[in-house]
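Each chain is listed here by its residues.
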Amino acid sequence: MGDWRNKAACRDMDPDLFFPTTRVEERLALKACFTCPVVFECARYAEEHALINGYPLQGIWGGINRSSGKN
């Protein structure tokens, strides 16, 4: 997985934020991504792990809402 996660802006944030249920929650999570120094590494990880146990990756990763396809 690499040590890029140690540098992530979301490292100490509540993980539930990155599984938003409202547009406001989604904007807050994306705001964290837009300030993150490792956003590209996160996006790459999500692309490489698009399926987990046969199910699509969910949540916001690398500035993209993988649950809805919105960015």
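Above this text is the structure in question.
Parameters at a glance
- Residues numbered from 1 in each chain as written.
- Predicted model: local features only at pLDDT ≥ 70, side-chain atom pairs only at ≥ 80, totals over all residues.
- Heavy atoms only, no water.
- Helix = DSSP H or I, 4+ residues; strand = E, 2+ residues; numbered from the N terminus.
- Buried < 20%, exposed > 50% of the residue type's maximum accessible area, 1.4 Å probe, protein only.
- Phe/Tyr/Trp six-rings, centres within 6.5 Å; stacked < 30°, edge-to-face > 60°.

Provide a residue-level description of unusual backbone geometry, including the pertinent values.
Even without being glycine, Asn-53 reaches a positive phi, approximately 55°. Among the structural elements, Asn-53 can be located in the loop between β1 (51-52) and β2 (55-56). By relative accessible area, Asn-53 is classed as exposed at 72%.

I'd like to hear about the packing of aromatic side chains, residue by residue, with values.
In total, this model carries two aromatic pairs according to the counting rule given. Between Trp-4 and Tyr-45 the ring centres are 5.9 Å apart and the planes differ by 50°, which places this aromatic pair in the tilted class. In this pair, Trp-4 is assigned in the segment before α1 (23-34) and Tyr-45 in helix α2 (residues 39-48), connecting sequence segments 41 residues apart. Here the two residues Trp-4 and Tyr-45 agree in accessibility, since each one is buried.

Honestly, it's all geometry; don't read function into it.
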